[in-house]
Amino acid sequence: MRLASFVDPLKGNDARFGIVSGENLVDVVAAADALHRPVPAISVKMALTTGAHTLAALQELVKAAKEQKLVRPIAGVKFLPPIPDPSKFFCVGKNNKKHREELAANKMLTEVPNEPTGFIKLTSTMSGDGDEVARPAGIVKLDYEPELCYVVGKRAHGVKKAEAMEYISGFTLTNDVSAREIQQREVASGSRFWTAKNMPGFAPVGPFILTMDEVPDTDSLWVTCDVNGKQRLRSNTGDYLYKIADVLEHFSRYVVFEPGDLIAMGAPSGVAVGQPNADELYLRPGDDMVIAFEGLMSLRTRIVAPN
C-alpha cells in the first residue's frame, strides 16, 4: 500500500490520512464513516506501527471504498510529509564509495569510516511534495541528495542483523538538501555539519510511504534527480556500502529507535559538489527539482529566494 498524509482543499486545511491507489486516493476516515466501519488507523504512523492486522483492515477498507466509488483524484491534493512527527530523523553518512571520493576531493571528508556513520536531521526541517524551499541568503552552493528512507515499525534496541528487516515497515524518498560551503567549514572546524543540513525545508520527504511488500528488493531501486527537466544523476540503492540491516544493528546497540522513526540511507554519487562544473549545477531560486524512484514515485521541490 501507499500511505499518505494530505490536505484536501475541499475539506479544509487539516491533515488527513489516505491510501493512494493509482491516480486516486481513499480518505481513510471519510471512507470508514461512509461505509459505517471502524477506522483502522488515523495516521500513517499508526498504520505502520500497530501491526499487520491494521494494514489488513486498511486493505479491506480500500477495496470496499473503491467498489463504492468512495475515492477522489489525487489531482488537487496537497501531500504533506507522510510522518510529520518521528521522534528521530536519522541519516546515514558517507555510505557510497564514489560519494566519499566526491567529498574528499572537496575537503568534506577528513577520514575514511570503517563503520556506519550518521547524523540527525531536525524534524522541523521536513517539507512536503511541491513545497517551496528558500535558498538561504548568502548560500550559493546548494546541493541535492536523493535518498532511500526507511520507516521503523516497532521499537528497536539491540537489534541483530538477521532480524533487522522485521523492524522495518515501509520506505519513502527524502532529499538531504545541503549547503556545501557551510558543510565544508563545519568539517574543517571538526564538527558534524549540523547547520549545513538543517536549514528550513532542507528535508523534503514523501510524497507517500510504501509498505515493504510493494517491491521485491529495496536494494535494487534506481533513484534519480532532475532539475528543470534535465537529469542530474541516476544511481542504484544497491551501491550503499551499508544496508539497512547493518545500520540498524550498528546504531541500535546504544540508540533506541521508536516506532515511526525515519532512517535515510545516504547520498548517491553524482551530486553537484562532485562534478567538474559544480558551480553551474548548484541549485538557484527558480529551479524545479524532482527526485524519484523510477517507476514508483517522485518528489518535487521548488527552490525560491529568501523572503
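Residues numbered from 1 in each chain as written. Predicted model: local features only at pLDDT ≥ 70, side-chain atom pairs only at ≥ 80, totals over all residues. Heavy atoms only, no water.

Draft legend 1. Inspection of the overall build of the protein chain at higher detail. Helix and strand counts for the protein chain come out as eight helices and 19 strands. Rg of the C-alpha trace for the protein chain: 19 Å, near the compact-globule value of 19 Å for 307 residues, within the 12% margin. With the C-alpha coordinates aligned to their principal axes, the bounding extent of the protein chain is approximately 60 × 45 × 30 Å. Relative to its 307 residues, the protein chain shows a buried fraction of 54%. In the protein chain, the proportion of contacts linking residues at least 24 apart, taken out of those at least 6 apart, comes to 75%. If you sum the accessible surface of the protein chain, you get close to 13500 Å²; carbon and sulfur atoms cover 51% of it. Placing the 35 positive and 38 negative side-chain charges of the protein chain at their respective mean positions leaves the two points 2 Å apart. (Helix = DSSP H or I, 4+ residues; strand = E, 2+ residues; numbered from the N terminus. Rg over C-alpha atoms; globule rule 2.2 N^0.38 Å. Buried < 20%, exposed > 50% of the residue type's maximum accessible area, 1.4 Å probe, protein only. Contact = heavy atoms within 4.5 Å. Areas by Shrake-Rupley, 256 points an atom, 1.4 Å probe, with all protein chains shown as cover. Lys, Arg positive; Asp, Glu negative; His and termini not counted. Charge placed at Lys NZ, Arg CZ, Asp CG, Glu CD.)

Draft legend 2. Broad picture of the packing of aromatic side chains. Following the criterion strictly, the structure yields four aromatic pairs and no others. Between Phe-90 and Phe-257, the ring centres sit 5.7 Å apart and the planes meet at 85°, which makes this aromatic pair edge-to-face. Of this pair, Phe-90 sits in strand E6 (residues 89–93) while Phe-257 sits in the loop between helix H7 (244–251) and strand E17 (262–264); the two residues are 167 residues apart in sequence, bridging distant segments of the chain. Comparing Phe-90 with Phe-257 shows no difference in burial state: the two are buried. Ring pairs connect the aromatic residues Phe-90, Phe-251 and Phe-257, which therefore count as one cluster. Of note, Lys-154 hangs over the ring of Tyr-167, and the distance from its end group to the ring centre comes to 4.7 Å. When the ring centre of Trp-222 is taken as origin, the NZ or CZ atom of Arg-234, which lies over that ring, is 3.9 Å away. (Phe/Tyr/Trp six-rings, centres within 6.5 Å; stacked < 30°, edge-to-face > 60°. Lys NZ or Arg CZ within 6 Å of the ring centre and 35° of its normal.)

Draft legend 3. Structural view of unusual backbone geometry. Between Gly-206 and Pro-207 the backbone carries a cis peptide bond, its omega angle lying at 5°. Within the fold, Pro-207 resides in strand E14 (residues 203–211). Notably, Asn-228 is not glycine yet its phi reads approximately 55°, a positive angle. Following the sequence through the fold, Asn-228 ends up in the loop between strand E15 (222–227) and strand E16 (230–236). Assessed through its relative accessible area of 45%, Asn-228 is described here as partly exposed.

Draft legend 4. Main features of the pairing of strand E3 (residues 24–27). Where strand E2 (residues 16–21) lies against E3, four bridges are found, and the strand directions are antiparallel. Its bridge partner being in E3, Ile-19 is matched across the sheet by Val-26. The loop that links E2 with its antiparallel partner E3 comprises two residues; one of these, Gly-22, has a positive phi angle of about 65°. (Pairing = 2+ DSSP bridges.)

Draft legend 5. Structural view of the side chain of Asn-95. In this structure, Asn-95 sits in the loop between E6 and helix H4 (97–105). Judged by its relative accessible area of 0%, Asn-95 is buried. There is a polar contact of 2.8 Å between the side chain of Asn-95 and the backbone nitrogen of Tyr-242. At a separation of 2.9 Å, a polar atom in the side chain of Asn-95 contacts the main-chain carbonyl oxygen of Met-265. For Asn-95, the contacting residues outside a window of four places in its chain are Asp-239, Tyr-240, Leu-241, Tyr-242 and Met-265. (Polar contact = N/O pair within 3.5 Å; in protein donor to acceptor, adjacent residues only side chain to side chain.)

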